[in-house]
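Commentary on secondary and tertiary structure
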Amino acid sequence: MKKVLVATDKPFAPVALNGIRQVVENAGYKLLLLEKYTAPEQLYEAVAEADAVIIRSDLITREVLDAGKNVKIVVRAGAGYDNVDLAAATEKGVVVMNTPGQNSNAVAELAIGMMVYGARGFFSGKSGTELKGKSIGIHAFGNVGKYVATIAKGFGMDVYAFDPFVSKTDIESCGVKPVDTVEDLYKTCQYISLHMPANDKTKKSIGAALLSLMPNDGVLVNTARKEVIDEEGLMQIMEQKAKFQYLSDVAPDAVEAFQTKFAGRYYATPKKMGAQTEEANTNAGIAAAEQIRDFFEKGDKKYQVNK
Ligand code: 3PG
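Notes on the structure in this doc start here. All of these numbers come straight from a predicted model, not from anything done at the bench. (Residues numbered from 1 in each chain as written. Predicted model: local features only at pLDDT ≥ 70, side-chain atom pairs only at ≥ 80, totals over all residues. Heavy atoms only, no water.)

**Things to note about the pairing of strand S5 (residues 95-98)**
We apply this condition: Burial classes: relative accessible area under 20% of the type maximum marks a residue as buried, over 50% as exposed, and values in between as partly exposed (1.4 Å probe, protein chains only). Put simply, DSSP marks the helices as runs of H or I at least four residues long and the strands as runs of E at least two long, and each gets a number from the N terminus on. For two strands to count as paired, DSSP must find a minimum of two bridges between them. Orienting the strands away from the viewer, one traces the path from the first strand over the helix to the second; a clockwise path indicates a right-handed crossover.
Across the two faces of S5 the burial is the same, with Val95 and Met97 and Val96 and Asn98 all buried. Looking at chain direction, strand S4 (residues 73-76) and S5 are connected through 4 bridges and run parallel. What sits directly across from Val74, in S5, is Val96. Taken together, S4, helix H4 (residues 86-91) and S5 form a β-α-β motif whose crossover is right-handed.

Quick look at the structure:
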């Protein structure tokens, strides 16, 4: 009997776990569960028994793959797979997949929610501003970016986007204004919402050069990864621009400096929570379980990311 390990430091909602269990058991497999673990050794031990693994932002290192001798497939229930050592997986013949689009609406709602929170002075009761009529630039127009665009239009925002991998025609077909260069996006918009993956090209790519193009009351919203920010550059801009806000779903490395220097203009969620909804957990978790079943039963590798 095949064993599917759900290894989540940040557990799925119970309703999602029930859905995953159903898919796994209906396929005739056994579900193994490791939640809220505190040391990698616990993951090494759990993975030793598994044929397949479902994770979230959990780190799948070479050591984890060494410990999981029978593991044939790892599915990241979510979008970003920067937490998986793809080279090690490929070397060992382990298929790695993600579940694109399944948790995107939840992340987009949080991005817009943080904008409202920032615009209303962090719900302090002070007079704030509205999103209506303000410009927003969506940096990277993938699944999350598209949802952000739809919601922002509902708020009456003026929506722009830049993505080197998406054509202007495709951006226009979503009712969004494309710009020619990334610099144009930052020059044009008061709000910038980040939606790129963390990789060698994007890490530390959002720094002083781009942010200096934004207005004094610019707002940078990061529901992507903390690694895409050049924190020194961002702090430099926040020092220069007296009303500039940084709203992030996960604290920066220099969290204490941000808290003390930019109180009232900086907010970070206590734990990455963009995809932390029952709906996103259910969609992504069940998709992951179904992808594992289809991989074992039909050899389906549609969402493989380490080809
Ligand atoms: C993703 O890449 O899908 C999101 O960042 C969600 O990550 P999480 O599953 O750890 O909440």
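**Considerations on the packing of aromatic side chains**
The condition is simple: We call Phe, Tyr and Trp rings a pair once their centres come within 6.5 Å, taking the six-membered ring for Trp, and we label the pair stacked below 30 degrees between planes, edge-to-face above 60, and tilted otherwise.
According to the stated counting rule, one finds 9 aromatic pairs in the structure shown. Where Tyr117 meets Tyr267, the ring centres are 5.0 Å apart and the plane angle is 80°; that geometry is what we call edge-to-face. Here the residue Tyr117 occupies a position in helix H5 (residues 104-119), and Tyr267 occupies one in strand S12 (residues 266-268), the gap between them amounting to 150 residues. Looking at Tyr117, the relative accessible area reads 23%, which means it is partly exposed. Take Tyr267: its relative accessible area is 23%, and that puts it in the partly exposed class.

**As for the site of the ligand**
Where we set the bar: A molecule or strand has a residue near it when one of that residue's heavy atoms lies within 4 Å. N or O atoms within 3.5 Å of each other form a polar contact, as long as, within protein, one can give a hydrogen and the other can take it, and as long as residues adjacent in sequence are counted only when both atoms are side-chain atoms. Where accessible areas are quoted, they stem from the Shrake-Rupley method and a 1.4 Å probe; at the residue level, only the protein chains shown are allowed to cover. Three classes are used: nonpolar for Ala, Val, Leu, Ile, Met, Phe, Trp, Tyr, Cys and Pro, charged for Asp, Glu, Lys and Arg, and polar for all others, with Gly counted as polar.
Taken together, Lys10, Arg56, Ser57, Arg76, Gly78, Ala79, Gly80, Asn103, Arg225, Lys272 and Ala275 make up the full set of residues near the ligand. Contact between the ligand and Gly80: an oxygen atom at 2.8 Å from a main-chain N or O atom of the residue. Protein coverage of the free-state accessible area of the ligand, which is 320 Å², stands at 95%. By residue class, the composition of the shell around the ligand is 2 nonpolar, 4 polar and 5 charged.

**Quick notes on the sheet that holds strand S1 (residues 3-8)**
Using the following cut-off: Geometry is summarised by axes, namely lines fitted to C-alpha atoms with helices restricted to the contacting stretch, and by angles between N-to-C directions that run from 0 to 180 degrees. By definition in these notes, contact holds between two residues if any of their heavy atoms fall within 4.5 Å.
Strand order in the open sheet formed by 5 strands is S2-S1-S3-S4-S5, and the pairing between neighbours is parallel. Two strands bound the open sheet, and with one partner strand each, they are strand S2 (30-35) and S5. Put simply, the sheet's adjacent strands are angled 20° from each other on average, direction ignored. Both S1 and S2 contribute to a ladder of 6 bridges, which runs parallel. From the neighbouring strand, Val6 faces S2, where its bridge partner is Leu33. Strand contacts of helix H1 (residues 14-26): S1, S2 and strand S3 (52-55), with the helix running at about 150° to S2, the strand carrying the most contacts.

**Topic: the packing of H5 against helix H6 (residues 143-154)**
Keep this limit in mind: Here roughly perpendicular refers to angles of 65 to 115 degrees, roughly parallel to angles under 35, roughly antiparallel to angles over 145, and oblique to all remaining angles. It is the rotation of the near helix from the far one that decides the hand of a crossing: anticlockwise by less than a right angle makes it left-handed, clockwise makes it right-handed.
One way to put it is that H5 packs onto H6 with a least axis distance of 8 Å and a crossing angle of 50°. Viewed along their axes, H5 and H6 adopt a mutual orientation that is oblique. Of the two possible hands of crossing, H5 and H6 adopt the one that is right-handed. Residue-level contacts link Ser104, Asn105, Val107, Ala108, Glu109, Ala111 and Ile112 of H5 to Asn143, Val144, Tyr147, Val148, Ile151 and Ala152 of H6.

**Structural notes on the nonpolar core**
The condition that has to hold: Among buried residues, the Ala, Val, Leu, Ile, Met, Phe, Trp, Tyr and Cys ones that are joined through side-chain atoms within 4.5 Å form a nonpolar core.
Core analysis: the biggest nonpolar cluster contains 31 residues, and Tyr186, Leu194, Ile206, Leu211, Leu220 and Leu234 have the highest contact counts within it. Listed by contribution, the elements that provide at least two residues to this core are strand S7 (158-162), helix H8 (182-188), strand S9 (191-194), helix H9 (208-211), helix H10 (231-240) and S12. The leading source of residues in this core is H10, at 4 residues. The residues contacting Leu234, other than those within four sequence positions of it, are Leu211, Leu220, Ile229, Phe244, Tyr246 and Phe258. Of all hydrophobic cores here, the second largest spans 28 residues; its members include Met114, Val166, Val176 and Tyr191.

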